[in-house]
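Single-letter residue listing:
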Amino acid sequence: MQWNTLLRTERLNDPDYRQEKHRPAYMQDMDRILFSPPFRRLANKTQVHPLYDNDHVHHRLIHSLEAATVGHSLGTEVGSWLADDLKALTADQVKVVAGLVQTACMAHDIGNPPFGHSGEEAIGSWFKEKFAADRDIMGDIPPLQRVEFEAFEGNAQGFRILTRTEMYRNKGGMRLALGSLGAFTKYPVSAPVRLEAGAEGLVEGTPYIGLKKYGFFENDVPTFAHVATELGLRRTDVRDGSGQVIGSWWRRHPLAFLMEAADDICYNIMDL
């Protein structure tokens, strides 16, 4: 993978977009996320109840802003190292790295349901019960697609909000920069393909962190495939027993690791 491709700031589904000199795409991305209703709703979603003497609740909106600040610092540090020590980036690209990581951090929880992972489990258990009854519309959903409901994933919902449901509905969503979407996607695989990946989910014999969960719904695969192709993310095809390709998964965008690091730092320091 090449940095010049990974840091592309062209917008999803907006071929006529031209970046302004003093207002880079990632800065506009942060504004679009910050002023969106799904981001504001994070104020109603609890991150954790810290051990304070008062009734303060640390909600996901505060957490997302903290992670974005840490992410910007990490992006600046790593970008400067890439530029100064490895000569892999220009000075201008250091700012792009920091901006893309900050954008991804700001959006990283935007698809999470109330009560976080407990909320995901509640959604999943409700659907499992309905699928077991196998009545009405539930009986029409193919078995492979049911995993998206039974193991509901906030990361996949976040990708859908950013690229489909918010702002330009079904026409690119928020139309964020390609690099922002790449840095946002921690798990570049769909649920059915992840189930089928099996041993192919191993990289040099080691389970790949990018396959720990799924990161987009099945009907959002074409959107992510386009983003991945434009960014130059490495792709691995998954085959069934007869050798037929049934889908693909991709390697993570390098900046997704920094986004996840910023999230973990805030979780282990602020939330703890």
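Look up a bit, the structure's there.
Here's what I pulled together on the structure shown here. All figures in this text were calculated on a predicted structure; none of them were measured in a lab.

1. Here we look at the layout of surface pockets
In step 1: A volume near 450 Å³ is recorded for the largest pocket.
In step 2: When contributions to the lining of the largest pocket are tallied by element, the ones reaching two or more residues are strand 1 (46-48), helix 4 (60-84), helix 6 (116-133), helix 8 (154-165) and helix 12 (254-271).
In step 3: Partitioning the lining of the largest pocket into residue classes produces 4 nonpolar, 10 polar and 10 charged.
In step 4: Of the pockets and cavities examined, the second largest pocket occupies roughly 330 Å³.
In step 5: Looking at the lining of the second largest pocket, the elements that each hand over two or more residues are helix 2 (25-34) and helix 5 (91-107).
In step 6: Per-element tally for the lining of the second largest pocket: the top contributor is helix 5, with 4 residues.
In step 7: In terms of residue class, the lining of the second largest pocket is built from 5 nonpolar, 4 polar and 6 charged.

2. Observations concerning the packing of aromatic side chains
In step 1: In total, this model carries 12 aromatic pairs according to the counting rule given.
In step 2: Where Tyr 208 meets Trp 249, the ring centres are 5.6 Å apart and the plane angle is 35°; that geometry is what we call tilted. Of this pair, Tyr 208 sits in the loop between strand 4 (206-207) and helix 11 (221-231) while Trp 249 sits in strand 6 (residues 245-250), and the two are 41 residues apart along the sequence.
In step 3: Trp 249 sits in the buried class, given a relative accessible area of 1%.
In step 4: Taking the centre distance of 5.3 Å and the plane angle of 70° together, the rings of Phe 224 and Trp 250 count as edge-to-face. With Phe 224 in helix 11 and Trp 250 in strand 6, the pair connects residues that are 26 residues apart, well separated along the chain.

3. Considering the nonpolar core
In step 1: If you look at the biggest cluster of nonpolar residues, it comprises 46 residues, and the most contacted ones within it are Ile 33, Leu 162 and Leu 255.
In step 2: Elements that contribute at least two residues to this core include exactly helix 2, helix 4, helix 5, helix 8, helix 9 (178-184), helix 11 and helix 12.
In step 3: Apart from the residues within four sequence positions on either side, Ile 33 is in contact with Phe 39, Thr 103, Met 106, Ala 107, Ile 110, Leu 162, Met 174 and Leu 176.
In step 4: Counting 13 residues, the second largest nonpolar core, distinct from the first, contains Val 189, Val 193, Ala 197 and Phe 217.

4. A look at the pattern of salt bridges
In step 1: Scanning all chains against the criterion turns up 11 salt bridges.
In step 2: Residues Arg 60 and Asp 109 are paired through a salt bridge, measuring 2.7 Å at the closest nitrogen-oxygen approach. Taken as a pair, Arg 60 in helix 4 and Asp 109 in the loop between helix 5 and helix 6 lie far apart in primary sequence, 49 residues in all.
In step 3: Owing to a relative accessible area of 9%, Arg 60 belongs among the buried residues under this scheme.

Rules used throughout
Residues numbered from 1 in each chain as written. Predicted model: local features only at pLDDT ≥ 70, side-chain atom pairs only at ≥ 80, totals over all residues. Heavy atoms only, no water. 1 Å grid on protein atoms, 1.4 Å probe; cavity = no way out; pocket = protein on both sides within 12 Å on 5 of 7 lines; lining within 4 Å. Points joined across faces, edges and corners; volume = space filled by probe spheres on them. Helix = DSSP H or I, 4+ residues; strand = E, 2+ residues; numbered from the N terminus. Nonpolar A, V, L, I, M, F, W, Y, C, P; charged D, E, K, R; others polar. Phe/Tyr/Trp six-rings, centres within 6.5 Å; stacked < 30°, edge-to-face > 60°. Buried < 20%, exposed > 50% of the residue type's maximum accessible area, 1.4 Å probe, protein only. Core = buried A, V, L, I, M, F, W, Y, C linked by side-chain atoms within 4.5 Å. Contact = heavy atoms within 4.5 Å. Salt bridge = Lys/Arg side-chain N within 4 Å of Asp/Glu carboxyl O.

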